[in-house]
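# Tertiary structure, described
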Amino acid sequence: MSFVAVIFLLAGAFFLLVSCVGLLRLPDFYTRAHAVGKAETLGSMLILVGLALYNGAALSSLKLFLILAIIAVTNPTATHALTRAAMRSGLKIWRAEGK
Amino acid sequence: MSAFFLGLTVFIALLFAASLYRIVTGPTLFDRAIGAGLIGTNAILVLLLIGFLYERIDMFVDLALAYGMLNFIGIVALAKYFERKQGPV
């Protein structure tokens, strides 16, 4: 069970790295929100599943899955709320050169 | 396994630096807000990993739960406030 947990944790760490690279490298706010809203959610969920597998059958594993459910609902919602606020406040969408 | 958890904690703490760079140099307010949200989500994971390192996961899981909800409330309140301001920021 510990081996499967390590695989989940490493996959989660990879997706967290992807979201941070996207936050640093992408050209404007909307593309950065795209990187953070999806890769970050998936990475956190994979790490939480790995931790719950390592923890085994206990009450804290149930609470870990509760945190997973909260992150799965709230993280995309927060990103969407920020993106909608940016759209309504008139932030321009980035276009490639010459388009 | 404890060394693996320590390495993972240090790795996520290094990712804080990337978000902090975006918060300091972000061109708009929204870039800063989304960087703060990313740090908040990573802080939940760091809290849980510290709980496993100290073998007090039954206490730290409650802290992480509360922190997750507070992080969401903060980001949504920030978004609703900036939505009212007219004109580009």
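Residues numbered from 1 in each chain as written. Chains lettered and ligands numbered in written order. Predicted model: local features only at pLDDT ≥ 70, side-chain atom pairs only at ≥ 80, totals over all residues.

Turning our attention to the nonpolar core. Core analysis: the largest hydrophobic core is formed by 46 residues, its most contacted members being Leu51 and Leu82 of chain A together with Phe30, Ile34, Leu48, Ile75 and Ala79 of chain B. Secondary-structure elements contributing two or more residues to this core are helix 1 (2–25), helix 2 (29–55) and helix 3 (59–88) of chain A together with helix 1 (2–25), helix 2 (29–54) and helix 3 (57–84) of chain B. Sorting elements by how many residues they give to this core places helix 2 of chain A first, with eleven residues. (Core = buried A, V, L, I, M, F, W, Y, C linked by C-beta atoms within 7 Å. Buried ≥ 20, exposed ≤ 12 C-beta atoms within 10 Å, placed from the backbone. Helix = DSSP H or I, 4+ residues; strand = E, 2+ residues; numbered from the N terminus.)

Counting residues at the interface gives 41 residues for chain B, matched by 39 residues for chain A. Only helix 1, helix 2 and helix 3 of chain B provide two or more residues apiece to the side of chain B that touches chain A. (Contact = placed C-beta atoms within 7 Å.)

Our next topic: helix 3 of chain A. When the terminal C-alpha atoms of helix 3 of chain A are compared, their 43 Å separation across 30 residues agrees well with the 44 Å that a helix rising 1.5 Å per residue should span. Phi turns positive, to about 90°, at Gly90 of chain A, one or two residues after helix 3 of chain A. (Expected span 1.5 Å × (residues − 1).)

Residue and element names in this part refer to chain A. Closest axis-to-axis distance for the helix 2/helix 3 pair is 9 Å, and the angle between their directions is 180°. Taken as axis vectors, helix 2 and helix 3 run roughly antiparallel relative to one another. Here the contact of helix 2 with helix 3 is composed, by residue class, of 18 nonpolar, nine polar and one charged. (Axes fitted to C-alpha atoms, helices over the stretch in contact; angles between N-to-C directions. Parallel < 35°, antiparallel > 145°, perpendicular 65-115°, else oblique. Nonpolar A, V, L, I, M, F, W, Y, C, P; charged D, E, K, R; others polar.)

Okay, the packing of helix 3 of chain A against helix 3 of chain B next. One can describe the packing of helix 3 of chain A onto helix 3 of chain B by two numbers: an axis separation of 9 Å at closest approach and a directional angle of 15°. Taken together, helix 3 of chain A and helix 3 of chain B sit at an angle that is classed as roughly parallel. You can see that helix 3 of chain A and helix 3 of chain B cross each other, and the crossing is left-handed. The residue inventory of the contact of helix 3 of chain A with helix 3 of chain B, partitioned by class, reads 19 nonpolar, three polar and five charged. (Left-handed = near helix turned anticlockwise from the far one by under 90°.)

Attention shifts here to helix 2 of chain B. In a regular helix each residue adds 1.5 Å, so 26 residues correspond to 38 Å; helix 2 of chain B covers 37 Å between its end C-alpha atoms and thus fits that length. Taken from the residues just after helix 2 of chain B, Glu55 of chain B is the one with a positive phi, measuring 60°.

With that out of the way, let us pick up the environment of Gly51 of chain B. Residue and element names in this part refer to chain B. Tracing the backbone through its elements, the reader meets Gly51 in helix 2. A sequence separation of 17 residues divides Gly51 from Ile34, and the C-alpha atoms of the two residues are 26 Å apart. Each residue touching Gly51, except ones within four places of it in the same chain, is listed here: Arg56, Ile57, Met59, Phe60 and Val61.

With that out of the way, let us pick up the confidence of the model for chain B. Averaged over every residue, the pLDDT of chain B is 88; residues scoring 70 or more account for 94%. Of the two predicted TM-score estimates for the complex, the pTM is 0.89 and the ipTM is 0.87. (pLDDT = per-residue confidence, 0-100.)

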